[in-house]
Amino acid sequence: MPDVPEKSVRHSHFDDAHALFIGVLFCALGIYLLKEIGLVTGGIAGVALLVSYVTPFPPGGLFVVLNLPFLYFAWRGLGLPFAIKTLIATVAVGIGVRWLPGWLPLGAVSPLFVAILAGVLIGMGILALARHRSSVGGVGILALYLQEKRGWRAGYVQMGFDGVILATSLVLFDVKTIALSILTALATNLVLALNHKPGRYSGY
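If you're wondering where the values come from, they're calculated on a predicted model, not measured in any experiment. (Residues numbered from 1 in each chain as written. Predicted model: local features only at pLDDT ≥ 70, side-chain atom pairs only at ≥ 80, totals over all residues. Heavy atoms only, no water.)

A. The arrangement of the overall build of the protein in detail. Looking only at helices and strands, one finds 8 helices and 0 strands in the protein. Listing each helix as α and each strand as β along the protein from the N terminus yields α-α-α-α-α-α-α-α. Counting the 204 residues in the protein, one finds 47% classified as buried. Summarising the internal contacts of the protein: among those between residues at least 6 apart in sequence, 75% fall at separations of at least 24. When the accessible area of the protein is evaluated, it comes to approximately 10,700 Å², of which 70% is carbon and sulfur surface. (Helix = DSSP H or I, 4+ residues; strand = E, 2+ residues; numbered from the N terminus. Buried < 20%, exposed > 50% of the residue type's maximum accessible area, 1.4 Å probe, protein only. Contact = heavy atoms within 4.5 Å. Areas by Shrake-Rupley, 256 points an atom, 1.4 Å probe, with all protein chains shown as cover.)

This is the structure:
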């Protein structure tokens, strides 16, 4: 006898708030770790980090400002609730990156370990947000939109954009820094590619 698919149950407002908290915490921590050891990554987070290394502007504030133009696209393409939750998540990540140095000062750390850890944290944070109809803005909005409308894997779309962003960092960093930054981006996108496939999740 064939299995009967279970009826999906929508998340409650508490479910969404809890997921946003976790997603924001993971993403902010990942970006903070990368900033502390001088690495970059893909997406708007990577652009914010790049700009922060060559200007006096902090990455948290840059992350919020650079994401603002994408909110209109989020609203028009994925709906007002998605855009509102994305705005909340984006601002919260920016604040978290700003405050984390005082909350979690780092000592001596292994750059290789931090590169992988930060990538996984950011990937899991994006995943938590995506499964509750939210994102941290930027390329993530476009990636989710293309997955929903065209069936393209969000992780692979993000990886393509990340490659472009990382390529531009070649003029600023040495080979070791670039290699570790690529490792971070791969760790992030592998989480998304393996865990956020079309049709796999219907909780919203």
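B. Region of the structure containing the pattern of salt bridges. Tallied over the full model, the rule gives 1 salt bridge. A salt bridge links Asp16 to Lys85, with the shortest nitrogen-to-oxygen separation between them at 3.7 Å. Taken together, the positions of Asp16 in helix 1 (residues 13-37) and Lys85 in helix 4 (residues 80-103) put the pair 69 residues apart, joining distant regions of the chain. (Salt bridge = Lys/Arg side-chain N within 4 Å of Asp/Glu carboxyl O.)

C. Representation of the packing of helix 1 against helix 4 within the structure. One way to put it is that helix 1 packs onto helix 4 with a least axis distance of 8 Å and a crossing angle of 45°. Judged on the interaxial angle alone, helix 4 and helix 1 are oblique. Helix 4 is crossed by helix 1, and the crossing has right-handed handedness. Note on element contacts: helix 4 touches helix 1 through Lys85, Ile88, Ala89, Ala92, Val93, Gly96, Val97, Leu100 and Pro101, opposite Asp16, Leu20, Val24, Cys27, Ala28, Leu29, Ile31 and Tyr32. (Axes fitted to C-alpha atoms, helices over the stretch in contact; angles between N-to-C directions. Parallel < 35°, antiparallel > 145°, perpendicular 65-115°, else oblique. Left-handed = near helix turned anticlockwise from the far one by under 90°.)

D. View of helix 8 (residues 175-195). Its 21 residues give helix 8 an end-to-end C-alpha distance of 30 Å, which sits within 8% of 30 Å, the value for a rise of 1.5 Å per residue. Two to three positions downstream of the cap, the backbone nitrogen of Lys176 sits 3.3 Å from a side-chain oxygen, assigning the N-cap of helix 8 to Asp174. (Expected span 1.5 Å × (residues − 1). Polar contact = N/O pair within 3.5 Å; in protein donor to acceptor, adjacent residues only side chain to side chain.)

E. View of the environment of Gly77. Tracing the backbone through its elements, the reader meets Gly77 in helix 3 (residues 59-78). Remark: the alpha-carbon pair of Gly77 and Leu146, spanning 69 residues in sequence, is separated by 9.8 Å. Those residues in contact with Gly77 that sit more than four places away from it in its chain are Tyr145 and Lys149.

F. Geometry of a nonpolar patch on the surface. A contiguous nonpolar patch, built from Val65, Leu68, Leu87, Val91, Ile95, Trp99, Trp103, Leu104, Leu106 and Val109 and spanning about 880 Å² of accessible area, is present on the exposed surface. Broken down by secondary-structure element, the contributors of at least two residues to the nonpolar patch are helix 3 and helix 4. Among the elements that take part in the nonpolar patch, helix 4 stands out by supplying 5 residues, more than any other. Mapped onto the elements of the fold, Val109 is located in the loop between helix 4 and helix 5 (111-130). (Patch = residues over 30% accessible without salt bridge, like charges linked within 9 Å, V, L, I, M, F, W, Y side chains within 5 Å.)

G. Seen up close, the environment of Val91. Here Val91 lies in helix 4. Since its relative accessible area comes to 34%, Val91 is described here as partly exposed. In this structure the C-alpha to C-alpha distance between Val91 and Asn67, which are 24 residues apart in sequence, comes to 9.3 Å.

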